[in-house]
Amino acid sequence: MGVNASVLAIDAGNSKTDVALIGADGTILSTARGGGFQPPVVGIEEAVDALGAAVDRALESAGVPAGAVAHVSACLANADLPVEEEQLVAALRARGWGDTVEVHNDTFAILRAGVDEPRGVAVVCGAGINCVGMVPDGRTARFPAIGRISGDWGGGAGLAEEAMWFASRAEDGRGEPTELARTLPGHFGLDSMYALIEALHLGRIDFERRHELSPVLFATAAAGDPVAGALVNRLAQEVVAMASVALTRLDLLDEEAPVVLGGSVLAARHPQLDEGISELLAARAPRAVVRVVTEPPVLGAALLGLDRTGAAAEVHERLRAQYH
(Lines give C-alpha, C1' and ligand atoms only; values in the text may rest on other atoms or scores of the structure.)
Protein backbone atom coordinates (compact mmCIF):
# COMPACT_ATOMS: atom_id res chain seq x y z
CA MET A 1 0.00 0.00 0.00
CA GLY A 2 1.42 3.41 -1.00
CA VAL A 3 1.96 6.36 1.27
CA ASN A 4 0.53 9.85 0.99
CA ALA A 5 2.51 13.01 0.32
CA SER A 6 1.65 16.52 1.43
CA VAL A 7 3.30 18.44 -1.42
CA LEU A 8 4.51 17.62 -4.89
CA ALA A 9 7.02 20.40 -5.60
CA ILE A 10 8.08 21.12 -9.18
CA ASP A 11 10.71 23.62 -10.26
CA ALA A 12 10.90 23.60 -14.05
CA GLY A 13 13.34 25.79 -15.95
CA ASN A 14 14.19 26.04 -19.61
CA SER A 15 17.00 23.49 -19.29
CA LYS A 16 16.00 21.17 -16.42
CA THR A 17 13.21 20.17 -14.07
CA ASP A 18 13.52 19.22 -10.39
CA VAL A 19 10.75 17.40 -8.56
CA ALA A 20 10.47 16.69 -4.82
CA LEU A 21 7.81 14.83 -2.87
CA ILE A 22 7.37 16.19 0.64
CA GLY A 23 5.69 14.39 3.53
CA ALA A 24 3.34 16.08 5.99
CA ASP A 25 6.18 16.41 8.52
CA GLY A 26 8.49 18.12 6.02
CA THR A 27 10.52 15.03 5.19
CA ILE A 28 11.72 14.66 1.60
CA LEU A 29 10.22 11.39 0.40
CA SER A 30 11.87 11.35 -3.02
CA THR A 31 13.34 13.54 -5.73
CA ALA A 32 13.72 13.32 -9.51
CA ARG A 33 15.21 15.37 -12.31
CA GLY A 34 13.95 15.82 -15.85
CA GLY A 35 14.53 17.90 -18.95
CA GLY A 36 13.61 21.49 -19.71
CA PHE A 37 10.12 22.97 -19.70
CA GLN A 38 9.39 24.98 -22.86
CA PRO A 39 5.69 25.24 -23.69
CA PRO A 40 6.25 28.12 -26.16
CA VAL A 41 8.40 25.74 -28.21
CA VAL A 42 6.60 22.39 -27.95
CA GLY A 43 3.12 23.32 -26.70
CA ILE A 44 1.59 22.98 -23.24
CA GLU A 45 0.60 19.31 -23.43
CA GLU A 46 3.98 18.07 -24.64
CA ALA A 47 5.75 20.27 -22.09
CA VAL A 48 3.60 18.84 -19.28
CA ASP A 49 4.29 15.33 -20.61
CA ALA A 50 7.97 16.04 -20.00
CA LEU A 51 7.16 17.11 -16.44
CA GLY A 52 5.15 13.94 -16.04
CA ALA A 53 8.14 11.72 -16.70
CA ALA A 54 10.00 13.22 -13.74
CA VAL A 55 6.88 13.25 -11.55
CA ASP A 56 6.21 9.58 -12.28
CA ARG A 57 9.76 8.67 -11.24
CA ALA A 58 9.42 10.58 -7.98
CA LEU A 59 6.04 9.00 -7.19
CA GLU A 60 7.29 5.50 -7.96
CA SER A 61 10.47 5.96 -5.92
CA ALA A 62 8.50 7.03 -2.86
CA GLY A 63 5.75 4.47 -3.30
CA VAL A 64 3.18 7.24 -3.59
CA PRO A 65 0.27 6.39 -5.89
CA ALA A 66 -0.91 8.96 -8.42
CA GLY A 67 -3.56 11.15 -6.83
CA ALA A 68 -2.30 10.62 -3.26
CA VAL A 69 -0.70 14.07 -3.05
CA ALA A 70 -2.50 16.83 -1.18
CA HIS A 71 -1.12 19.77 -3.15
CA VAL A 72 0.92 20.37 -6.29
CA SER A 73 3.17 23.43 -6.10
CA ALA A 74 4.66 24.09 -9.53
CA CYS A 75 7.06 26.95 -10.27
CA LEU A 76 7.48 26.98 -14.03
CA ALA A 77 9.59 28.84 -16.54
CA ASN A 78 7.61 30.60 -19.26
CA ALA A 79 4.65 31.11 -16.92
CA ASP A 80 5.14 34.84 -17.33
CA LEU A 81 1.55 36.09 -17.47
CA PRO A 82 -1.45 35.22 -15.26
CA VAL A 83 -3.29 33.82 -18.29
CA GLU A 84 -0.39 31.42 -18.88
CA GLU A 85 -0.49 30.35 -15.23
CA GLU A 86 -4.22 29.63 -15.57
CA GLN A 87 -3.63 27.47 -18.64
CA LEU A 88 -0.89 25.53 -16.86
CA VAL A 89 -3.02 25.03 -13.75
CA ALA A 90 -5.69 23.44 -15.93
CA ALA A 91 -3.13 21.21 -17.67
CA LEU A 92 -1.58 20.04 -14.38
CA ARG A 93 -4.95 19.53 -12.72
CA ALA A 94 -5.96 17.25 -15.61
CA ARG A 95 -3.05 14.94 -14.74
CA GLY A 96 -4.62 14.15 -11.37
CA TRP A 97 -1.37 14.36 -9.43
CA GLY A 98 -2.85 16.17 -6.43
CA ASP A 99 -6.04 17.42 -4.82
CA THR A 100 -5.13 21.06 -5.45
CA VAL A 101 -2.74 22.75 -7.90
CA GLU A 102 -0.99 26.10 -7.81
CA VAL A 103 1.32 27.44 -10.53
CA HIS A 104 3.82 30.28 -10.14
CA ASN A 105 6.49 31.70 -12.38
CA ASP A 106 9.79 30.02 -11.50
CA THR A 107 11.19 33.28 -10.09
CA PHE A 108 8.86 32.83 -7.11
CA ALA A 109 10.68 29.59 -6.27
CA ILE A 110 13.98 31.44 -6.01
CA LEU A 111 12.38 34.13 -3.85
CA ARG A 112 10.75 31.65 -1.45
CA ALA A 113 13.93 29.58 -1.19
CA GLY A 114 15.77 32.70 -0.04
CA VAL A 115 13.41 33.98 2.67
CA ASP A 116 12.17 32.58 5.97
CA GLU A 117 8.58 33.61 5.28
CA PRO A 118 6.70 34.52 2.08
CA ARG A 119 7.75 38.17 2.31
CA GLY A 120 10.28 39.99 0.17
CA VAL A 121 11.48 40.63 -3.36
CA ALA A 122 13.70 38.63 -5.69
CA VAL A 123 15.56 39.72 -8.79
CA VAL A 124 16.82 36.90 -10.97
CA CYS A 125 19.34 37.44 -13.74
CA GLY A 126 20.31 34.36 -15.70
CA ALA A 127 19.67 34.07 -19.42
CA GLY A 128 17.06 36.81 -18.93
CA ILE A 129 16.01 39.08 -16.09
CA ASN A 130 12.91 39.04 -13.90
CA CYS A 131 11.67 40.31 -10.56
CA VAL A 132 8.85 39.21 -8.26
CA GLY A 133 7.71 40.03 -4.75
CA MET A 134 5.28 38.61 -2.22
CA VAL A 135 3.85 39.29 1.21
CA PRO A 136 2.07 36.89 3.60
CA ASP A 137 -1.41 38.24 2.85
CA GLY A 138 -1.14 36.84 -0.67
CA ARG A 139 -0.35 40.03 -2.58
CA THR A 140 2.37 39.78 -5.20
CA ALA A 141 4.36 42.11 -7.43
CA ARG A 142 5.63 41.02 -10.81
CA PHE A 143 6.60 42.14 -14.29
CA PRO A 144 5.70 40.53 -17.65
CA ALA A 145 9.43 39.81 -18.17
CA ILE A 146 9.00 38.77 -21.79
CA GLY A 147 12.02 40.70 -23.03
CA ARG A 148 12.58 44.01 -24.71
CA ILE A 149 8.91 44.41 -25.67
CA SER A 150 8.01 44.44 -21.97
CA GLY A 151 10.73 46.93 -21.06
CA ASP A 152 13.40 44.49 -19.88
CA TRP A 153 17.12 45.08 -20.17
CA GLY A 154 19.79 42.68 -18.98
CA GLY A 155 20.17 38.97 -18.52
CA GLY A 156 23.08 36.96 -19.85
CA ALA A 157 21.82 36.86 -23.43
CA GLY A 158 20.99 40.55 -23.48
CA LEU A 159 24.34 41.52 -21.99
CA ALA A 160 26.14 39.45 -24.62
CA GLU A 161 24.24 41.18 -27.43
CA GLU A 162 24.97 44.62 -25.97
CA ALA A 163 28.65 43.75 -25.63
CA MET A 164 28.78 42.56 -29.24
CA TRP A 165 27.05 45.74 -30.43
CA PHE A 166 29.66 47.97 -28.83
CA ALA A 167 32.54 45.71 -29.88
CA SER A 168 31.41 45.58 -33.51
CA ARG A 169 31.09 49.35 -33.73
CA ALA A 170 34.47 49.81 -32.09
CA GLU A 171 36.13 47.56 -34.66
CA ASP A 172 34.56 49.15 -37.74
CA GLY A 173 34.93 52.75 -36.54
CA ARG A 174 31.31 53.67 -35.83
CA GLY A 175 31.80 53.56 -32.06
CA GLU A 176 34.32 54.33 -29.36
CA PRO A 177 37.25 51.98 -28.74
CA THR A 178 36.76 49.10 -26.31
CA GLU A 179 38.74 46.02 -25.36
CA LEU A 180 35.56 44.02 -25.97
CA ALA A 181 36.51 44.05 -29.68
CA ARG A 182 39.45 41.85 -28.71
CA THR A 183 38.16 39.84 -25.73
CA LEU A 184 34.84 38.69 -27.21
CA PRO A 185 36.23 37.02 -30.35
CA GLY A 186 39.25 35.88 -28.34
CA HIS A 187 36.94 33.76 -26.18
CA PHE A 188 36.25 31.61 -29.27
CA GLY A 189 39.84 31.66 -30.50
CA LEU A 190 39.10 34.26 -33.18
CA ASP A 191 41.09 37.38 -33.99
CA SER A 192 38.37 39.90 -34.88
CA MET A 193 34.73 40.82 -34.34
CA TYR A 194 34.19 40.33 -38.08
CA ALA A 195 35.27 36.71 -37.70
CA LEU A 196 32.95 36.24 -34.73
CA ILE A 197 30.00 37.83 -36.54
CA GLU A 198 30.60 35.59 -39.53
CA ALA A 199 30.92 32.46 -37.39
CA LEU A 200 27.68 33.16 -35.54
CA HIS A 201 25.79 34.17 -38.69
CA LEU A 202 26.86 31.09 -40.65
CA GLY A 203 26.34 28.69 -37.74
CA ARG A 204 29.96 27.71 -37.28
CA ILE A 205 29.44 28.79 -33.67
CA ASP A 206 26.04 27.87 -32.23
CA PHE A 207 24.08 31.08 -31.72
CA GLU A 208 23.05 29.87 -28.25
CA ARG A 209 26.70 30.06 -27.20
CA ARG A 210 26.36 33.85 -27.02
CA HIS A 211 25.67 33.47 -23.30
CA GLU A 212 29.33 32.50 -22.85
CA LEU A 213 30.23 36.11 -23.60
CA SER A 214 28.58 37.48 -20.46
CA PRO A 215 31.47 36.45 -18.15
CA VAL A 216 33.90 37.88 -20.74
CA LEU A 217 32.09 41.21 -20.46
CA PHE A 218 32.48 41.22 -16.68
CA ALA A 219 36.16 40.27 -16.89
CA THR A 220 36.78 43.05 -19.40
CA ALA A 221 35.01 45.53 -17.12
CA ALA A 222 37.07 44.36 -14.14
CA ALA A 223 40.22 45.04 -16.17
CA GLY A 224 39.19 48.68 -16.45
CA ASP A 225 37.49 48.96 -19.84
CA PRO A 226 35.06 51.91 -19.61
CA VAL A 227 32.56 50.61 -22.18
CA ALA A 228 32.27 47.23 -20.48
CA GLY A 229 32.13 48.94 -17.10
CA ALA A 230 29.24 51.13 -18.23
CA LEU A 231 27.25 48.02 -19.20
CA VAL A 232 27.85 46.48 -15.76
CA ASN A 233 26.73 49.71 -14.12
CA ARG A 234 23.57 49.77 -16.21
CA LEU A 235 22.73 46.22 -15.11
CA ALA A 236 23.08 47.33 -11.48
CA GLN A 237 20.65 50.17 -12.22
CA GLU A 238 18.14 47.76 -13.81
CA VAL A 239 18.31 45.34 -10.86
CA VAL A 240 17.69 48.13 -8.38
CA ALA A 241 14.92 49.69 -10.48
CA MET A 242 13.00 46.40 -10.54
CA ALA A 243 13.57 45.70 -6.85
CA SER A 244 12.57 49.16 -5.67
CA VAL A 245 9.40 49.18 -7.79
CA ALA A 246 8.38 45.76 -6.42
CA LEU A 247 9.09 46.90 -2.85
CA THR A 248 6.98 50.00 -3.42
CA ARG A 249 4.04 48.03 -4.84
CA LEU A 250 4.03 45.80 -1.76
CA ASP A 251 4.43 48.69 0.74
CA LEU A 252 7.82 47.30 1.78
CA LEU A 253 10.00 50.20 0.69
CA ASP A 254 10.15 51.74 4.17
CA GLU A 255 10.43 48.42 6.02
CA GLU A 256 13.30 46.06 6.64
CA ALA A 257 12.63 43.60 3.83
CA PRO A 258 14.77 41.02 2.06
CA VAL A 259 15.89 41.52 -1.53
CA VAL A 260 17.04 38.16 -2.83
CA LEU A 261 19.39 38.00 -5.81
CA GLY A 262 19.56 34.84 -7.91
CA GLY A 263 20.43 33.47 -11.32
CA SER A 264 23.83 32.72 -12.81
CA VAL A 265 24.82 36.36 -13.45
CA LEU A 266 24.02 37.63 -9.95
CA ALA A 267 25.19 34.45 -8.20
CA ALA A 268 28.63 34.87 -9.80
CA ARG A 269 29.26 37.76 -7.36
CA HIS A 270 31.02 40.14 -9.74
CA PRO A 271 32.46 42.82 -7.41
CA GLN A 272 31.59 45.84 -9.56
CA LEU A 273 28.01 44.63 -10.01
CA ASP A 274 27.60 43.76 -6.32
CA GLU A 275 28.93 47.14 -5.22
CA GLY A 276 26.75 48.99 -7.71
CA ILE A 277 23.61 47.19 -6.56
CA SER A 278 24.43 47.82 -2.88
CA GLU A 279 25.09 51.52 -3.37
CA LEU A 280 22.04 52.18 -5.54
CA LEU A 281 19.70 50.12 -3.36
CA ALA A 282 20.97 51.91 -0.23
CA ALA A 283 19.85 55.18 -1.83
CA ARG A 284 16.44 53.99 -3.07
CA ALA A 285 15.53 51.41 -0.40
CA PRO A 286 17.86 51.98 2.58
CA ARG A 287 16.16 49.37 4.79
CA ALA A 288 16.36 46.56 2.23
CA VAL A 289 18.50 43.58 3.23
CA VAL A 290 20.33 42.05 0.26
CA ARG A 291 21.27 38.39 0.06
CA VAL A 292 22.28 36.03 -2.72
CA VAL A 293 20.26 32.82 -2.72
CA THR A 294 22.23 29.59 -2.74
CA GLU A 295 19.43 27.12 -1.98
CA PRO A 296 17.93 25.13 -4.89
CA PRO A 297 14.72 26.61 -6.32
CA VAL A 298 12.80 23.35 -5.81
CA LEU A 299 13.06 24.09 -2.08
CA GLY A 300 11.18 27.33 -2.75
CA ALA A 301 8.48 25.48 -4.66
CA ALA A 302 8.12 23.05 -1.75
CA LEU A 303 7.96 25.86 0.83
CA LEU A 304 5.26 27.61 -1.22
CA GLY A 305 3.35 24.33 -1.14
CA LEU A 306 3.69 24.08 2.64
CA ASP A 307 2.53 27.70 2.91
CA ARG A 308 -0.57 26.76 0.96
CA THR A 309 -1.31 23.67 3.08
CA GLY A 310 -0.90 25.62 6.33
CA ALA A 311 2.03 23.55 7.60
CA ALA A 312 3.54 24.54 10.94
CA ALA A 313 6.79 26.47 11.20
CA GLU A 314 8.72 23.41 12.36
CA VAL A 315 7.68 21.58 9.18
CA HIS A 316 9.15 24.37 7.09
CA GLU A 317 12.32 24.30 9.20
CA ARG A 318 12.67 20.53 8.87
CA LEU A 319 12.38 20.75 5.10
CA ARG A 320 14.88 23.60 4.80
CA ALA A 321 17.39 21.78 7.03
CA GLN A 322 17.47 18.84 4.60
CA TYR A 323 18.56 21.15 1.78
CA HIS A 324 21.40 22.55 3.86
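Our structure is the block above this text.
Residues numbered from 1 in each chain as written. Predicted model: local features only at pLDDT ≥ 70, side-chain atom pairs only at ≥ 80, totals over all residues. Heavy atoms only, no water.

*Asks:* Explain helix H13 (residues 313-323) to me, using residue names and the numbers behind them.
*Replies:* If you check which residues of H13 are buried, you get Val315, His316, Leu319 and Arg320. For H13, the buried positions fall inside an angular range of 130 degrees around the axis, keeping them on one side. Relative to its buried face, H13 has exposed residues pointing more than 90 degrees away, namely Glu317 and Ala321. Of the surrounding elements, those touching the buried residues of H13 are strand S2 (16-22), strand S3 (28-35), helix H4 (106-113) and helix H12 (297-309). (Buried < 20%, exposed > 50% of the residue type's maximum accessible area, 1.4 Å probe, protein only. Helix = DSSP H or I, 4+ residues; strand = E, 2+ residues; numbered from the N terminus. Arc of directions from axis to C-beta. Contact = heavy atoms within 4.5 Å.)

*Asks:* Which residues make up the pattern of salt bridges, and what are the values?
*Replies:* Pairing between side chains of opposite charge can happen when their charged atoms approach one another. The tally for this structure, following the rule as stated, stands at 17 salt bridges. Here Arg95 makes a salt bridge to Glu45, at a shortest N to O gap of 3.1 Å. Within this pair, whereas Arg95 is found in the loop between helix H3 (82-94) and strand S5 (98-105), its partner Glu45 is found in helix H2 (residues 44-62), the two being separated by 50 residues in sequence. Among the residues examined, Arg95 registers a relative accessible area of 26% and is labelled partly exposed. (Salt bridge = Lys/Arg side-chain N within 4 Å of Asp/Glu carboxyl O.)

*Asks:* Kindly report on the sheet that holds strand S1 (residues 5-12), identifying the contributing residues and their values.
*Replies:* Reading across the sheet, the five strands line up as S3-S2-S1-S4-S5 and stay open at both edges, with mixed pairing between neighbours. In this open sheet, the two edge strands, each paired with only one partner strand, are S3 and S5. This sheet shows a mean twist of 15 degrees between the axes of neighbouring strands, independent of strand direction. With seven bridges joining them, strand S4 (residues 69-76) and S5 adopt parallel strand pairing. By the bridge assignment, Ala74 is partnered in S5 with Val103. Across the sheet, H2 lies against S1, S2, S3 and S4, angled at about 155 degrees from S3, the strand it touches most. Lying on the sheet, H4 is in contact with S1, S4 and S5; it crosses S5 at an angle near 95 degrees. (Pairing = 2+ DSSP bridges. Axes fitted to C-alpha atoms, helices over the stretch in contact; angles between N-to-C directions.)

*Asks:* Could you give an account of the sheet that holds strand S10 (residues 288-292), naming the residues involved and the relevant values?
*Replies:* Within the open sheet, the five strands sit side by side as S8-S7-S6-S9-S10. Their pairing is mixed. Taken across any chain shown, the strands that pair with only one partner, and hence form the sheet edges, are strand S8 (140-142) and S10. With strand direction ignored, the average angle separating the axes of adjacent strands in the sheet is 15 degrees. Lying on the sheet, H4 is in contact with strand S6 (120-125), strand S7 (129-134), S8 and strand S9 (257-262); it crosses S7 at an angle near 60 degrees. Contacts between helix H9 (residues 226-249) and the sheet are confined to S6, S7, S8, S9 and S10, with S7 contributing the most and set at about 25 degrees to the helix.

*Asks:* Just give me the short version of the nonpolar core, but keep the residues and values in it.
*Replies:* Judged by nonpolar contacts, the single largest core of 54 residues is most densely connected at Leu184, Leu196, Leu235 and Leu273. Ranked by residue count, the leading element in this core is H9, at 12 residues. Those residues in contact with Leu184, other than ones at most four positions away along the chain, are Ala163, Met164, Ala167, Met193, Leu196, Leu213 and Val216. Judged by nonpolar contacts, the second largest core, of 30 residues, contains Val55, Ala58, Val89 and Val101. (Core = buried A, V, L, I, M, F, W, Y, C linked by side-chain atoms within 4.5 Å.)

*Asks:* Break down the packing of H12 against H13 for me, citing the residues and quoting the values.
*Replies:* Relative orientation and spacing of two packed helices are given, respectively, by the angle between their axes and the distance between those axes. Packing of H12 against H13 brings their axes to within 10 Å, and their N-to-C directions diverge by 170 degrees. Compared by their axis directions, H12 and H13 come out roughly antiparallel. Two secondary-structure elements touch here, H12 through Val298, Leu299, Ala302, Leu303, Leu306 and Asp307 and H13 through Val315, His316, Leu319, Arg320 and Tyr323. Each residue belonging to the contact of H12 with H13 can be placed in one class, and the counts come to eight nonpolar, one polar and two charged. (Parallel < 35°, antiparallel > 145°, perpendicular 65-115°, else oblique. Nonpolar A, V, L, I, M, F, W, Y, C, P; charged D, E, K, R; others polar.)

*Asks:* Can you break down the pairing of S2 residue by residue, with the values?
*Replies:* Counting buried residues in S2 gives six out of seven residues, a clear majority hidden from the surface. Relative to S2, S1 is paired through six bridges, and the arrangement is antiparallel. Looking across to S2, one finds that Ala12 is bridged to Thr17. Bridge count between S2 and S3: seven bridges; the pairing is antiparallel.

*Asks:* Talk me through helix H6 (residues 180-187); I want residue IDs and the actual numbers.
*Replies:* Looking only at H6, the buried set comprises Leu180, Ala181, Thr183, Leu184 and Pro185. Contacts from the buried residues of H6 go to helix H5 (156-172), helix H7 (193-201), helix H8 (213-222) and H9. Immediately downstream of H6, the backbone of Gly189 shows phi near 75 degrees, a positive value.

*Asks:* Tell me what's going on with the packing of aromatic side chains, and back it up with residues and numbers.
*Replies:* How two aromatic rings sit relative to each other is given by the distance of their centres and the angle of their planes. With the rule as written, the count across this model stands at one aromatic pair. A cation sits over an aromatic face here: Arg249 above Phe143, 4.7 Å from the ring centre. (Phe/Tyr/Trp six-rings, centres within 6.5 Å; stacked < 30°, edge-to-face > 60°. Lys NZ or Arg CZ within 6 Å of the ring centre and 35° of its normal.)

*Asks:* Explain the layout of surface pockets residue by residue, including any values.
*Replies:* By volume, the largest pocket amounts to about 1,600 Å³. As for the largest pocket, its lining consists of 41 residues, and the residues nearest its centre are Asn14, Gly126, Ala127, Gly128 and Ile129. Of all the elements in the fold, those that place two or more residues in the lining of the largest pocket are S1, S2, H4, S6, S7 and H5. With five residues, H5 is the single largest residue contributor to the lining of the largest pocket. Looking at the lining of the largest pocket, its residues break down into 15 nonpolar, 15 polar and 11 charged. Computed from the structure, the second largest pocket encloses a volume of approximately 300 Å³. (1 Å grid on protein atoms, 1.4 Å probe; cavity = no way out; pocket = protein on both sides within 12 Å on 5 of 7 lines; lining within 4 Å. Points joined across faces, edges and corners; volume = space filled by probe spheres on them.)

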